[in-house]
Amino acid sequence: MMPTLMLQMEKLSKRFVVANAIHIAFLSMASILQFRFSKKRFLEELYNYGVGCFGIVVFCITFTGIIMFTEYSFHIKLLLGTDSTIPSFAMIMIAREIAPNIAAMLIISRMGASSTAEIGVMKTTEQLDAYRLLGIRAIDLMVAPQVLAASITTFLLTLISLFSVTVGGWIACTWILNFTTGTYFQNLFLFTRFSDIVFGLSKSFMYGASIPIICATFGFRCEHGAEGVGMATTNAVVASTVWIILLGFLFTMLFSLLQ
Amino acid sequence: MKRISNFFVWIGEHMLFLKEVVLVGIRHPFERREFITQLQQIIVRSLPTTMTAGFFVGGLIVLQYYLQVKDYGGESVLGGLSTSGTIREVGPLLIAFMLAGKIGAFTSAELGTMKVTYQMECIRSLGTHPISYLIVPRYLAVVIGSLVLLCFGMFISVFGGLLASWVVNNINPMQFLGTIPRFTSAASVGMAFIKALFFGLLMGQISCANGYWTTGGSVGVGESVKKTAVHSMVSITIADVLLTFFITSAFRWLGWFEA
């Protein structure tokens, strides 16, 4: 049963991109669960993703958070006539939507593109065939460590940037919106529940896991030399960005239907 | 200290590049055919992805706003609130991030490949200025193209929000549309246009300059593509903070925002 299924999957994945992505997702999941991915590569990727993206992700989310605070003040004043509760409103929005989405987009363009290019170059120069000849699974070496590393780092970077958003929001509220420090911190957790933070963080974990899978799929499918690699890189960035937004929408819809 | 001075050197290099582009653009005849080809390529290639992204960004923001304002009886004005929130802040930022990954990477990869394969020197030796033939039309096409795409994306995001709130939260679409004029003033839409224009300018400047400065073979092309994505995302975030602050204060001073 199982071998025929895998054969069918391989046949399908030669023809369709989506089937190929699902196939690679299953293979890397199996590689992670059976603990046979390359540990050395995992540590390297953890360094690349974590240290390479730390500055840009935390910086961008903090500044976007500052604008979210001022913008929420504008809108909630129109609705309620007062902006005394906006730290909490803005914090929910940032924790649940803004931080995971922006972190994922930045990680896509910082790391996803280069991972597609790396795998694509290996494919076009037939290094992947050489691995197969040596009996090494390319998934264990290239994809599974990245999936694990990217999901862990996206999760952690979102968490760290939530802390820095708290500080950024404090600056925005006390300088621009005339809050005092006490009212800001008092209102920050007025409506923010633990479930909001957990929802945002689980979302960013899923985003992080899906970025390397999509990028690797486009890398494995690329053909026609250097030009094909460039094309695959652009396609991978676009496809994973659209997928992130789509997945975020589905998650939010599911959650708002459950509530 | 070294890093700070490097930052100012970097800004100065960009300014010199801008000056050269403007001077060459004024002095040399404008390549209208090249400009129209580039504009058509940028808009046609990115329109479907921008539409998809805008649609789901609108839906995502509406669902999130609904969860937050329903306790205040805000369902009746959900359309106005979420449209204003999407158009003023979240929509331009997320769509610009996506376009920076797509248009910016594509433009700088193309220009970088031309540079490292000496096609620019070739054009110069044929008696045409490479900046006049390659950079000026691309620069203008990226600016105008991303402005058009951002406006399309924001327009579609209203539609996505309408559909999401209708299907998921069971809000009457006519009521959704009816409350939009109450909250979304012309000044908000103008602010969105100004933001889109500045984001387009940043994307054009950074992608063209990084492509033009590429050195060091195909590895250098990959480097400059990565640099373009990171630089344009960081500068878009900073520009977003500054623009929101200055435009809001300016419009308030002019009396266009009531709050």
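For the structure, check the block above.
Residues numbered from 1 in each chain as written. Chains lettered and ligands numbered in written order. Predicted model: local features only at pLDDT ≥ 70, side-chain atom pairs only at ≥ 80, totals over all residues. Heavy atoms only, no water.

Caption draft 1: Expanded view of the overall build of chain A. Of the regular secondary structure elements, chain A holds nine helices and zero strands. Secondary structure elements in chain A, listed N-terminal to C-terminal, are α-α-α-α-α-α-α-α-α. In terms of principal-axis extent, the alpha carbons of chain A reach across some 65 × 35 × 35 Å. Every one of the 259 residues in chain A was classed for burial, and the buried ones make up 56%. Taking as baseline every contact in chain A between residues at least 6 positions apart, the subset at least 24 positions apart corresponds to 80%. Looking at chain A as shown, the accessible area adds up to about 11700 Å², and 71% of this sits on carbon and sulfur atoms. (Helix = DSSP H or I, 4+ residues; strand = E, 2+ residues; numbered from the N terminus. Buried < 20%, exposed > 50% of the residue type's maximum accessible area, 1.4 Å probe, protein only. Contact = heavy atoms within 4.5 Å. Areas by Shrake-Rupley, 256 points an atom, 1.4 Å probe, with all protein chains shown as cover.)

Caption draft 2: Region of interest: unusual backbone geometry. Residue and element names in this part refer to chain A. A positive phi angle, near 60°, is found at E126, a position not held by glycine. When you line up the elements, E126 lands in the loop between α4 (86–124) and α5 (127–133). Exposure remark for E126: the relative accessible area of 54% places this residue in the exposed category. The backbone of N178 sits at a positive phi, close to 60°, despite the residue not being glycine. Of the residues examined, N178 reaches a relative accessible area of 68% and is grouped as exposed.

Caption draft 3: Representation of the pattern of salt bridges. Applying the stated criterion to the full structure yields twelve salt bridges over all chains. Put simply, R88(B) and E71(A) hold a salt bridge, and the shortest N to O gap is 2.8 Å. You can see R88(B) sitting in helix α3 (residues 78–116) and its partner E71(A) sitting in helix α3 (residues 39–80), one on each of two chains. Judged by relative accessible area, R88(B) falls into the buried class, the value being 1%. (Salt bridge = Lys/Arg side-chain N within 4 Å of Asp/Glu carboxyl O.)

Caption draft 4: Just empty space enclosed by the protein, in detail. Residues and elements named next belong to chain B. Tallied over the entire structure, the rule returns four cavities of 30 Å³ or more. In this structure, the largest cavity occupies an estimated 70 Å³ of space. At the level of secondary structure, the elements contributing two or more residues to the lining of the largest cavity comprise α2 (32–69) and α3. Examining the composition of the lining of the largest cavity, we find that four residues originate from one element, α2, more than from any other. Its residues assigned to classes, the lining of the largest cavity shows three nonpolar, three polar and two charged. (1 Å grid on protein atoms, 1.4 Å probe; cavity = no way out; pocket = protein on both sides within 12 Å on 5 of 7 lines; lining within 4 Å. Points joined across faces, edges and corners; volume = space filled by probe spheres on them. Nonpolar A, V, L, I, M, F, W, Y, C, P; charged D, E, K, R; others polar.)

Caption draft 5: A look at the layout of surface pockets. Quantified by volume, the largest pocket comes out at close to 1400 Å³. Lining the largest pocket are 45 residues, with A117(A), V229(A), G230(A), T233(A) and G222(B) sitting closest to its centre. Of all elements in the fold, only α3, α4 and α9 (225–258) of chain A together with α3 and α9 (217–254) of chain B reach the threshold of two or more residues within the lining of the largest pocket. Its residues placed into classes, the lining of the largest pocket shows 18 nonpolar, 16 polar and eleven charged.

Caption draft 6: Structural view of the interface of chain A and chain B. Contact with chain A, which involves 44 residues of that partner, is made by 46 residues of chain B. Summed over both sides, the interface between chain A and chain B buries roughly 4400 Å², with carbon and sulfur atoms accounting for 80% of that surface. Three residues, F74(A), H75(A) and F249(A), lead the burial of chain A against chain B; their summed loss comes to 14% of the area buried on that side. Taken together, chain A and chain B are joined by one salt bridge. Summed over the shared surface of chain A and chain B, the number is five residue pairs in polar contact (both at pLDDT 80 or more). Mapped onto the side of chain A that touches chain B, the elements with two or more residues apiece are α3, α4 and α9 of chain A. (Buried area = accessible area lost by both parts, 1.4 Å probe. Polar contact = N/O pair within 3.5 Å; in protein donor to acceptor, adjacent residues only side chain to side chain.)

Caption draft 7: Summary view of the packing of α2(B) against α3(B). All names here are of chain B. Where α2 meets α3, the axes come as close as 8 Å, and the angle between the chain directions of the two elements is 145°. Considering only the axes of α2 and α3, their crossing is right-handed. Taken together, the residues of the contact of α2 with α3 break down into 17 nonpolar, ten polar and two charged. (Axes fitted to C-alpha atoms, helices over the stretch in contact; angles between N-to-C directions. Left-handed = near helix turned anticlockwise from the far one by under 90°.)

Caption draft 8: Just the packing of aromatic side chains, in detail. Summed over the entire model, instances satisfying the criterion amount to 20 aromatic pairs over all chains. Here a set of aromatic residues connected by ring pairs shows up, and it is made of Y72(A), F89(A), F191(A) and Y65(B). Looking at R88(B), its charged tip hangs above the ring of F74(A), at a distance of 3.7 Å from the centre. The positively charged end of K115(B) is found above the aromatic ring belonging to Y212(B), 5.5 Å away from the centroid. (Phe/Tyr/Trp six-rings, centres within 6.5 Å; stacked < 30°, edge-to-face > 60°. Lys NZ or Arg CZ within 6 Å of the ring centre and 35° of its normal.)

Caption draft 9: Layout of the environment of G228(A). Residues and elements named next belong to chain A. Inspection of the secondary structure assignment puts G228 in helix α9. Taking the relative accessible area as the measure of exposure, G228 reaches 13% and is therefore buried. Spatially, the C-alpha atoms of G228 and L43 are 30 Å apart, while their sequence positions differ by 185 residues. Beyond its immediate sequence surroundings of up to four residues, G228 is in contact with C222 and E223.

Caption draft 10: Region of interest: α4(A). Residue and element names in this part refer to chain A. Between the first and last C-alpha of α4 there are 53 Å, a value that for 39 residues agrees with the 57 Å anticipated at 1.5 Å per step. The sharpest bend along α4 reaches about 50° and sits at I94. Counting buried residues along α4, 33 of its 39 residues qualify, which places the element largely inside the surrounding structure. (Expected span 1.5 Å × (residues − 1). Bend = angle between axes of the 7 residues up to and from the residue.)

Caption draft 11: Molecular detail of the side chain of T241(A). Mapped onto the elements of the fold, T241(A) is located in helix α9. Judged by relative accessible area, which is 4%, T241(A) ranks as buried. When residues no more than four places from it in sequence are discounted, the contact partners of T241(A) are M105(A), I108(A) and M98(B).

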